[in-house]
Amino acid sequence: MTVADLPAPEGTLPAAVPDGGELAVERSAFRLALDTFLENRLAVGGATVLVLIVLFSFVGPLVYHTNQVATNLINENLTPSLSHPLGTSPEGRDELGRLMLGGQSTLEVGLAVGVLGTLLGLAWGVIAGYVGGVVDTVMMRIVDALLSIPFLFFVVLLAALVRADLLVVILVLTAVSWLSTARVVRGETLSLRTRDYVVASRGFGATGWRVAGRHITPNLAGVLIVSGTLKVADAILAFASISYLGLGPPPPATNWGTMLSTGINNLFSGYWWQLWPAAVLIVVTVLAVNVLGDALSDVAERRLQKR
Amino acid sequence: MTAYIVRRLGQAVIVVLIVTVVVFGLLHALPGGLVRAQLGPKATPYAVHQFTIQEGLNKPLVVQYGIWLWHAVQGNLGFSYKLNQSVGSLLAEYVPRTLLLAGSAFLLSVAIAIPLGLWQGQRRNRPDDHALSALMLTFYSMPSFLLGVILIVVLSLWIPALPSTASAFGSGLGTDVRVLVLPVATLCLGNVSYFSRYMRASTIDNLLADHVRTARAKGVAPRRVLLRHVLRNSVSSTVTVLGLSIPYVLSGALIIEALFNFPGVGLLFWNAAQDRDYPVLLGVVLVITVATIVGNLAADIAYAALDPRIRYR
């Protein structure tokens, strides 16, 4: 983009423009990121798929009414038909409606764990990296220790100890999901705290909290968005795994993992509609989140290069 | 190098201690407590009292932890009342099977992922690379048990070539090794999708590195550039990922063992979790965590050996 293409500049431009050189005019960081994002076809594709799945799960039930609480044994294991487009479950509940209900809890868990895990990891990592010394050593050894317990064993242990409902599942998955973020954030904080603007800010007498909140955290946004997105994918998969192991929330609540588990149990009875629709939904969702995460990480890198 | 190993070893011991504190604390902070879980809801107050005394559960938690740790160091991990067997002998029975399952899947997947990633890196952004990347990302986005189910449907239901359950494994002499094929293949595909992504990315990084350009400019044969300058550097950075992936591989083994009914440590753990068999839960977590930490340590040392720059950090 050259100077000539731009509308009349507001404010002052830098005084010296090199002869024949092109001047890149600063635009807001957000606009820059958004442009790079929209240029990335994969990112847009992933986001579109996710929007469709959210609509399916949350708006779908408003249009397509089913009873997902009462069991109806006359209708058990029905093959797909006009009244039940995707057949029925072993309890006689409509499978299409069940997929919507299952999608709700699956997406809720994924998003909640992504957000909570990121926030906890951010707080832990910034404190460890910024304070340093013994505090850092102790905090990071705790992270190392928890990371070295294979996560599914840790999750099964926690889920077996406490009766599972959606909130417990979210907390249990958050308990393992924040660890990797804490490590990454600590590493970034270590490099950010030596930057000139941080040193300057401290020279002006800014408190540790202000420096951490105002100068370090905003610079972590790119890393956090990417790791948070990938965390959502991991959380959905982990939720499916613990549900498959029978440690998810009990019926009539459901999620895609529990539905997969039912479908697998009835695999040899030939009730394909109980397995494959849920399988396709979960793979497509996780794939879309992963593609989005990869694309966002490209966006974060490209944005830095454009500056 | 020795100083580096000693320092890492010290860290590893501390990490193991923290894990034991966390797990021990979790198990003993339970509502309802250990006694009820072991004896069941119908136990008489007298039996509860006796069991409490016998197991030392009336002692302060710190003392209990000390006793447990002291016994654990000596190799005594307690006794499972549910299975009427010592935890040590249970582990001796189940751990080797999981090692065989997870270990062979791990080695196989490394043997596949490294050449695959190297090849994809060379062919980056061509249609075949895109197709393979998409396939790998799909495997990566799939719950591992679903991958197993797909293999069962194809190789056990459609083409009845392989057994869909491995429950008979290790139960007697002359076990049919065919039962291992599907569980190993499932774990292996999952791992390959994870490792090859890293290998591809680090191959691309290295192909663009200055030393590779220099080597090419010197007129080094392309094959030699690939093997000496690209492969070596890519592998050494992938080694760290391999080390860090051990918990992931073991987690995968847990769910695959549940799917195929494979009598390994994952299945033992899952059953113990459902039965609230605390001595087994504690013992399994301790052993697999130590295994993970030793694996990480080995990967770090291998990395330092492959890449001298690391040692002096």
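Bear in mind the structure is a predicted one, so any value in this text is a computation, not a measurement.

Criteria and thresholds
- Residue positions are given per chain, counting from 1 as you read along its sequence in written order.
- Here the convention is simple: chains get letters from A, ligands get numbers from 1, in the order in which they are written.
- Residues qualify for local features only when their pLDDT is at least 70, as the model is predicted, and side-chain atom pairs are given and counted only at 80 or more; totals for whole chains, interfaces and linings, by contrast, use all residues.
- Hydrogens are left out, water is left out, and the side-chain values use all remaining heavy atoms of the structure.
- Segments assigned H or I by DSSP are reported as helices when at least four residues long, segments assigned E as strands when at least two residues long, and all are numbered from the N terminus.
- Exposure is judged per residue with a 1.4 Å probe applied to protein chains only, and the accessible area is read against the type maximum: over 50% gives exposed, under 20% gives buried, and values in between give partly exposed.
- Here, residues are in contact when the closest pair of their heavy atoms is within 4.5 Å.
- Where accessible areas are quoted, they stem from the Shrake-Rupley method and a 1.4 Å probe; at the residue level, only the protein chains shown are allowed to cover.
- Side-chain rings of Phe, Tyr and Trp (the six-membered ring for Trp) are treated as a pair once their centres are within 6.5 Å; stacked means planes under 30 degrees apart, edge-to-face means over 60, and tilted covers the remaining angles.
- Where a domain begins and ends is set by an automatic assignment or by a domain database.
- Once two parts are brought into contact, the accessible area they lose, counted with a 1.4 Å probe and summed over both, makes up the buried area.
- Each reported salt bridge corresponds to a side-chain nitrogen of Lys or Arg within 4 Å of a carboxyl oxygen of Asp or Glu.
- The nonpolar class holds Ala, Val, Leu, Ile, Met, Phe, Trp, Tyr, Cys and Pro. Asp, Glu, Lys and Arg form the charged class, and all remaining residues, Gly among them, are polar.
- Under this scheme, a helix contributes an axis fitted over its contacting stretch, all axes are lines through C-alpha atoms, and angles between N-to-C directions fall in the 0 to 180 degree range.
- Throughout, the term roughly parallel applies to angles under 35 degrees, roughly antiparallel to angles over 145, roughly perpendicular to angles from 65 to 115, and oblique to all others.
- Handedness of a crossing follows from how the near helix is turned relative to the far one, being left-handed for an anticlockwise turn of less than a right angle and right-handed for a clockwise one.
- By convention a nonpolar core is built from buried Ala, Val, Leu, Ile, Met, Phe, Trp, Tyr and Cys residues, the set being connected through side-chain atoms within 4.5 Å.
- N or O atoms within 3.5 Å of each other form a polar contact, as long as, within protein, one can give a hydrogen and the other can take it, and as long as residues adjacent in sequence are counted only when both atoms are side-chain atoms.
- Each patch is built from residues lacking any salt bridge and having more than 30% relative accessible area; the joining distance is 9 Å for like charges and 5 Å for nonpolar side chains (Val, Leu, Ile, Met, Phe, Trp, Tyr).

What follows concerns the overall build of chain B. Scanning chain B from N- to C-terminus turns up 13 helices and 2 strands. Principal-axis analysis of the C-alpha atoms places the extent of chain B at approximately 85 × 55 × 35 Å. Across the 313 residues that make up chain B, the buried fraction comes to 49%. Sequence-distant contacts in chain B: of pairs separated by 6 or more residues, those separated by 24 or more amount to 73%. Carbon and sulfur atoms provide 65% of the accessible area of chain B, an area that totals close to 15,100 Å².

All names here are of chain B. Tallied over the full model, the rule gives 12 aromatic pairs over all chains. Measuring from centroid to centroid gives 5.7 Å for Phe24 and Trp68, while their planes differ by 40°, and the two rings are tilted. Within this pair, whereas Phe24 is found in helix α1 (residues 2-28), its partner Trp68 is found in helix α4 (residues 61-73), the two being separated by 44 residues in sequence. Note on Phe24: relative accessible area 4%, which makes it buried. Residue classification places Trp68 among the buried residues on the basis of a relative accessible area of 12%. Relative to Trp68, the ring of Tyr65 has its centre 6.4 Å away and its plane inclined at 35°; by these criteria the two rings are tilted. Of this pair, Tyr65 and Trp68 both sit in helix α4, 3 residues apart, roughly one helical turn. For Tyr65, a relative accessible area of 17% corresponds to the buried category. Following the ring pairs from residue to residue traces out a cluster consisting of Phe106, Tyr140, Tyr194, Phe195, Tyr198 and Tyr248.

Before going further, it helps to examine the domain arrangement of chain B. Residue and element names in this part refer to chain B. What the domain assignment reports for chain B is domain 1 (2-87) and domain 2 (94-306). Taking only C-alpha atoms, the centre of domain 1 and the centre of domain 2 are 32 Å apart. The junction of domain 1 with domain 2 conceals about 2,000 Å² of combined surface from both sides, 80% of it contributed by carbon and sulfur atoms. When the area that domain 1 buries against domain 2 is broken down by residue, the three leading residues are Arg8, Leu27 and Lys82, summing to 22%. For the pair domain 1 and domain 2, the number of links is 0 salt bridges. For the side of domain 1 that touches domain 2, the secondary-structure elements that each account for two or more residues are α1, α2 (33-39), α4 and β1 (79-80). Broken down by element, the residue count for the side of domain 1 that touches domain 2 peaks at 12 residues, all from α1. Grouping the amino acids of the side of domain 1 that touches domain 2 by side-chain chemistry returns 19 nonpolar, 3 polar and 2 charged.

Turning to the packing of helix α5 (residues 87-122) of chain B against helix α10 (residues 222-244) of chain B, a few remarks are in order. Residues and elements named next belong to chain B. Two elements in contact, α5 and α10, have axes whose closest approach is 11 Å; the angle formed by their N-to-C orientations is 130°. The angle between the axes of α5 and α10 places the two elements in the oblique class. α10 is crossed by α5, and the crossing has right-handed handedness. Taking contact as the criterion, the partners of Phe106, Val110, Ile114, Leu118 and Gln122 in α5 are, on α10, Leu226, Val230, Leu231, Val235 and Leu242. Partitioning the contact of α5 with α10 into residue classes produces 9 nonpolar, 1 polar and no charged.

In this structure, Leu245 and Ile282 of chain A together with Phe269 and Val284 of chain B are the most contacted members of the largest nonpolar core, which totals 150 residues. Shared between two domains, this core holds at least three residues of each, these being domain 1 (2-87) and domain 2 (94-306) of chain B. Among all residues touching Ile282 of chain A, those that are not within four sequence positions of it are Ile236, Ala240, Trp256 and Leu260 of chain A together with Pro143 and Leu146 of chain B. In terms of nonpolar packing, the next biggest core, distinct from the first, is built from 11 residues, Val126, Val185, Ala212 and Leu224 of chain A among them.

Here we come to the packing of helix α4 (residues 133-147) of chain A against helix α6 (residues 166-192) of chain A. All names here are of chain A. As a packed pair, α4 and α6 sit with axes 9 Å apart at the nearest point and diverge in direction by 145°. The two elements α4 and α6 cross, and the hand of that crossing is left-handed. In this structure, α4 uses Asp136, Met140, Val143, Asp144, Leu146 and Leu147 to contact α6, whose residues at the interface are Trp178, Leu179, Ala182, Arg183 and Arg186. Partitioning the contact of α4 with α6 into residue classes produces 7 nonpolar, no polar and 4 charged.

Between chain B and chain A, the contact holds 47 residues from the first and 39 residues from the second. Here chain B and chain A share an interface that buries about 3,700 Å² over both sides, 80% of which is from carbon and sulfur atoms. Counting every contact that joins chain B to chain A gives 1 salt bridge. Residue Asp294 of chain A is joined to Arg197 of chain B by a salt bridge in which the shortest nitrogen-to-oxygen separation is 3.4 Å. At the boundary of chain B with chain A, the tally comes to 6 residue pairs in polar contact (both at pLDDT 80 or more). Counting only elements with at least two residues in the side of chain B that touches chain A, the list comes to α1, α6 (127-140), α7 (144-158), α11 (246-260), α12 (265-275) and α13 (278-306) of chain B. No other element matches the 9 residues that α1 of chain B contributes to the side of chain B that touches chain A.

With that settled, the discussion passes to the pattern of salt bridges. Residue and element names in this part refer to chain A. Tallied over the entire structure, the rule returns 8 salt bridges over all chains. The residue Asp144 makes a salt bridge to Arg141 at a minimum N-O spacing of 3.0 Å. One end of the pair, Asp144, and the other, Arg141, are both in helix α4, 3 residues apart, so they sit about a helical turn from each other. One continuous salt-bridge network, built from bridges that share partners, spans Arg141, Asp144 and Arg183.

Residues and elements named next belong to chain B. You can see Thr186 is positioned in helix α8 (residues 178-207). We classify Thr186 as buried; its relative accessible area is 1%. A distance of 2.7 Å separates a polar atom in the side chain of Thr186 from the backbone oxygen of Leu182. Contacts of Thr186, omitting those with residues within four sequence positions, involve Ser144, Leu147, Gly148, Leu151, Ile256 and Phe260.

This brings us to a nonpolar patch on the surface. All names here are of chain A. On the surface, Val51, Leu52, Val54, Leu55, Phe58, Val59, Leu62 and Val63 cluster together into a nonpolar patch covering about 730 Å² of accessible area. Structurally, the position occupied by Leu52 is in helix α2 (residues 41-63). Residue Leu52 is classed as exposed on the basis of its relative accessible area, which comes to 54%.

A separate point is the environment of Arg200 of chain B. Residues and elements named next belong to chain B. Residue placement: Arg200 occurs in helix α8. Each C-alpha atom, one on Arg200 and one on Tyr140, is 15 Å from the other, the two residues being 60 residues apart in sequence. Other than its neighbours up to four places away in sequence, Arg200 contacts Gly117, Gln120, Gly121, Arg124, Asn125, Asp129 and Ser133.

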